[in-house]
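The primary structure of each chain is shown beneath.
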Amino acid sequence: MSESGHSQPGLYGIERRRRWKEPGSGGPQNLSGPGGRERDYGAPWERDRERRDGNEETGTSVMQKTPIILSKPPAERSKLPPPPAPAPTAPQIPAPLDKPIVLMKPREEAKGLAGGTGAPVLEGATPPPPVVPAPPKGEKEGQRPTQPVYQIQNRGMGTTAPAAMDPVVGQAKLLPPERMKHSIKLVDDQMNWCDSAIEYLLDQTDVLVVGVLGLQGTGKSMVMSLLSANTPEEDQRAYVFRAQSAEMKERGGNQTSGIDFFITQERIVFLDTQPILSPSILDHLINNDRKLPPEYSLPHTYVEMQSLQIAAFLFTVCHVVIVVQDWFTDLSLYRFLQTAEMVKPSTPSPSHEASSSSGSDEGTEYYPHLVFLQNKARREDFCPQKLRQMHLVIDQLMAHSHLRYKGTLSMLQCNIFPGLPPNFLDSEVNLFLVPFMDTEGDSENLPRAGPASSPLFSLLPGYRGHPSFQSLVTKLRSQVMSMARPQLSHTILTEKNWFHYAARIWDGVKKSSALAEYSRLLA
């Protein structure tokens, strides 16, 4: 304290001003030291001097004049506004948005972003995370958000995607299933199950399974090819199910062995089988001295048991079974169908307790739709009276069968016989007639108008007596594809579940006690 009553310059002046401007303090404090409250209400000339001293710049460490800092009473101290913030030295970042902005890129820009190394960051802006792509090039600087930007990538970016965004994981579920170009083996010629077909199956339940049975040379493979993926105009060597070649016909052999598998893009499974009760298979067993399984003693017994196993398998895992015959009719074929129905495995029950009684309960048993296809039909087979007799014979032969052989397919509803009333057939069964495949030679041999008739009639095609082969195959396909798809087991099966279910049924058929007992009776 000097003689005039003022404080010394270096004792309070600079230190007091530093403590006044310290950030984080609770506000202005009384820094006047002892006796400061008496100095708060001093003379007016002292307050004027302090104001002048506060406005002066202190360039040196020693002040020229001693400042006196006034302190407010505690009641007024809380009402003072906080000290102003320092002036910004960097450009201000706009306030963050409430929600993130999702930008969807077109394919061209998405591919460019995927193949590039990254987008430049503007000066003064917060750099985005390394895995987040930059916004579009056309976006202005002021419109760029500070929130992270998410980009929805398309699956077309493929192999140009960065390592952080693996396309294999996303494409696995989005890619369509692989399209089959030819059939593959489901059961080989040694009656062993093959697992290669599961690669073409999906986890979806909308699937239709169509199987075929028939004697040797009736045209099973050709019919299944035309129903699945081929047309009559194509070369038969390009059919998905290989048809019997001319050399095979001359030797009297069979083309298909075991069970062949094919699935269309419409998710329809087709199963082509080897001929039932085939004489060529029996001849091959006898002449080549093939060893029979120990449970079979005679070759013809083994051939019949193979046919029964295939038929019982189809009756359990198919929605529709097509029986192809090229002449009407073979009584042994109907006896074979009823025998296969007798030894068919029971439908699996949801509980093990009910499995023992499932065979006696007819309501729980599954039976497929049975369609009789008369292939290579002649012109007189399309006569209404002949058609009625064919329906009556099939109905009487299958009267005691539980197979769904009637009520699901009708030729009268296809406008094939436009002049016949709907109730023309007393007992209509699932019978369909298909003529010989059209060839150039057949059209020339058709009867035409005589020379004495009008020249106009000579230009018309010859009389066939039935619709064309192409139109009848189209009508057959539409009726088969529109059939009901009953539930094969107590649960709804996907395509892959059906494959595992069919493998279990095939293993059960080969180990069936009913088939073993029937084989013992045949011997």
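Quantities reported herein were computed from a predicted structural model and do not represent experimental measurements.

Definitions and limits used
- Residues numbered from 1 in each chain as written.
- Predicted model: local features only at pLDDT ≥ 70, side-chain atom pairs only at ≥ 80, totals over all residues.
- Heavy atoms only, no water.
- Helix = DSSP H or I, 4+ residues; strand = E, 2+ residues; numbered from the N terminus.
- Buried < 20%, exposed > 50% of the residue type's maximum accessible area, 1.4 Å probe, protein only.
- Contact = heavy atoms within 4.5 Å.
- Areas by Shrake-Rupley, 256 points an atom, 1.4 Å probe, with all protein chains shown as cover.
- Core = buried A, V, L, I, M, F, W, Y, C linked by side-chain atoms within 4.5 Å.
- Pairing = 2+ DSSP bridges.
- Phe/Tyr/Trp six-rings, centres within 6.5 Å; stacked < 30°, edge-to-face > 60°.
- Lys NZ or Arg CZ within 6 Å of the ring centre and 35° of its normal.
- Axes fitted to C-alpha atoms, helices over the stretch in contact; angles between N-to-C directions.
- Salt bridge = Lys/Arg side-chain N within 4 Å of Asp/Glu carboxyl O.
- Expected span 1.5 Å × (residues − 1).
- Left-handed = near helix turned anticlockwise from the far one by under 90°.
- Nonpolar A, V, L, I, M, F, W, Y, C, P; charged D, E, K, R; others polar.

**With respect to the overall build of the protein chain**
Then, number 1: A count of helical and extended segments in the protein chain gives 17 helices and nine strands.
Then, number 2: With 523 residues in all, the protein chain has 38% of them scored as buried.
Then, number 3: For the protein chain, long-range pairs separated by at least 24 residues make up 71% of all intrachain contacts whose partners lie at least 6 apart in sequence.
Then, number 4: With an accessible surface of roughly 31,300 Å², the protein chain has 54% of that area assigned to carbon and sulfur atoms.

**Regarding the nonpolar core**
Then, number 1: Phe261, Leu271, Leu370, Phe372, Phe432 and Trp498 are the most contacted members of the largest nonpolar core, which totals 103 residues.
Then, number 2: Top element by residues in this core is helix 10 (residues 299–317). It accounts for 11 residues.
Then, number 3: Not counting residues up to four positions away in its chain, the partners in contact with Leu370 are Phe315, Val321, Val323, Leu337, Met398, Leu403, Arg404, Tyr405 and Asn430.

**So, the pairing of strand 6 (residues 268–273)**
Then, number 1: Within strand 6, six of the six residues are buried, leaving the element largely enclosed by the surrounding structure.
Then, number 2: In strand 6, alternate side chains face the same way, and those of Ile268, Phe270 and Asp272 on one face and Val269, Leu271 and Thr273 on the other are all buried.
Then, number 3: Relative to strand 6, strand 4 (residues 208–214) runs parallel, the two being bridged by four bridges. Its bridge partner lying in strand 6, Gly211 is registered against Leu271.

**Here we look at the packing of aromatic side chains**
Then, number 1: Taken as a whole, this structure holds six aromatic pairs when the rule is applied.
Then, number 2: Note on Trp193 and Phe499: the rings are 5.5 Å apart at their centroids and 55° apart in plane angle, and the pair reads as tilted. You can see Trp193 sitting in the loop between strand 3 (184–187) and strand 4 and its partner Phe499 sitting in helix 16 (residues 495–510), a full 306 residues away along the chain.
Then, number 3: Measuring from centroid to centroid gives 5.3 Å for Tyr296 and Tyr302, while their planes differ by 50°, and the two rings are tilted. Taken individually, Tyr296 and Tyr302 each receive the classification buried, so the pair is uniform in this respect.
Then, number 4: Grouping aromatic residues by their ring pairs yields a cluster made of Trp193, Phe313, Phe499 and Trp506.
Then, number 5: Taking NZ or CZ as reference, Lys344 lies 5.1 Å from the ring centre of Tyr367, over its face.
Then, number 6: The aromatic ring of Phe424 is capped on one face by Arg388, whose charged end is 4.1 Å from the ring centroid.

**Section: the side chain of Thr218**
Then, number 1: Counting through the fold element by element, Thr218 comes out in the loop between strand 4 and helix 7 (220–228).
Then, number 2: Every residue in contact with Thr218, bar those within four places of it in the chain, is listed here: Val324, Gln325, Asp326, Asn375 and Lys376.

**Brief notes about the sheet that holds strand 3**
Strand pairing in a sheet relies on backbone hydrogen bonds. The paired strands run either parallel or antiparallel.
Then, number 1: Read across the sheet, seven strands follow the order 3-5-6-4-7-8-9 without closing on themselves; strand pairing throughout is mixed. Each of the sheet's edge strands pairs with one partner strand only, and the pair in question is strand 3 and strand 9 (431–435). Here the average twist between neighbouring strands, direction ignored, is 30°.
Then, number 2: Pairing geometry for strand 5 (residues 259–263) and strand 6, over five bridges, is antiparallel. By the bridge assignment, Ile259 is partnered in strand 6 with Thr273.
Then, number 3: Helix 12 (residues 384–397) rests against strand 8 (369–377) and strand 9 of the sheet, and its axis sits at about 130° to strand 9.

**Some thoughts on the pattern of salt bridges**
Then, number 1: Under the definition given, this model contains 10 salt bridges.
Then, number 2: The partner of Asp206 in a salt bridge is Arg485, and the shortest N-O contact between them spans 2.6 Å. Of this pair, Asp206 sits in the loop between strand 3 and strand 4 while Arg485 sits in the loop between helix 15 (469–481) and helix 16, and the two are 279 residues apart along the sequence.
Then, number 3: We classify Asp206 as partly exposed; its relative accessible area is 48%.
Then, number 4: Residue classification places Arg485 among the partly exposed positions, given a relative accessible area of 32%.

**Considering helix 15**
Then, number 1: With 13 residues, helix 15 should cover 18 Å at 1.5 Å per step; its first-to-last C-alpha distance of 18 Å lies within 8% of that length.
Then, number 2: Residues Phe469, Leu472, Val473, Leu476, Gln479, Val480 and Met481 constitute the buried set of helix 15.
Then, number 3: Tucked inside the fold, the buried residues of helix 15 contact strand 4, helix 7, strand 6, strand 7 (320–325), strand 8 and strand 9.

**What to know about unusual backbone geometry**
Phi is mostly negative for residues that are not glycine, and the peptide bonds are mostly trans.
Then, number 1: Of the consecutive residues Phe328 and Thr329, the connecting peptide bond is found in the cis state with omega at -10°.
Then, number 2: Mapped onto the elements, Thr329 comes out in the loop between strand 7 and helix 11 (331–342).
Then, number 3: With phi around 65°, Arg267 is a residue other than glycine that occupies positive phi space.
Then, number 4: Tracing the sequence through the fold places Arg267 in the loop between strand 5 and strand 6.
Then, number 5: Positive phi, normally seen in glycine, also occurs at Leu277, with a value near 50°.
Then, number 6: Relative to the elements of secondary structure, Leu277 occurs in the loop between strand 6 and helix 9 (279–287).
Then, number 7: In this structure Leu277 comes out as partly exposed when scored by relative accessible area, which is 32%.

**Here we look at the packing of helix 10 against helix 16**
In helix packing, the relevant descriptors are the interaxial angle and the interaxial distance, both defined with respect to the helix axes.
Then, number 1: Their axes nearest at 10 Å, the elements helix 10 and helix 16 cross at an angle of 145°. The interaxial crossing formed by helix 10 with helix 16 has right-handed handedness. Contacts between helix 10 and helix 16 involve Gln309, Ile310, Phe313, Thr316 and Val317 from the former and Trp498, Tyr501, Ala502, Ile505, Trp506, Val509 and Lys510 from the latter.
Then, number 2: Taken together, the residues of the contact of helix 10 with helix 16 break down into nine nonpolar, two polar and one charged.

**Some details on the side chain of His391**
Then, number 1: Mapped onto the secondary structure, His391 falls in helix 12.
Then, number 2: Not counting residues up to four positions away in its chain, the partners in contact with His391 are Leu425, Ser427, Glu428, Val429 and Leu431.

**Observations regarding the pairing of strand 7**
Then, number 1: Of all six residues in strand 7, six are buried, a share of seventy percent or more.
Then, number 2: Burial along strand 7 is two-sided: Val320, Ile322 and Val324 and Val321, Val323 and Gln325, pointing in opposite directions, are all buried.
Then, number 3: Bridge analysis of strand 4 against strand 7 gives five bridges, and the strand direction is parallel. Looking at the pairing, Gly214 lines up with Val324 of strand 7.
Then, number 4: The pairing of strand 7 with strand 8 spans six bridges and is classified as parallel. Within strand 8, the residue paired with Val324 across the bridge is Leu373.

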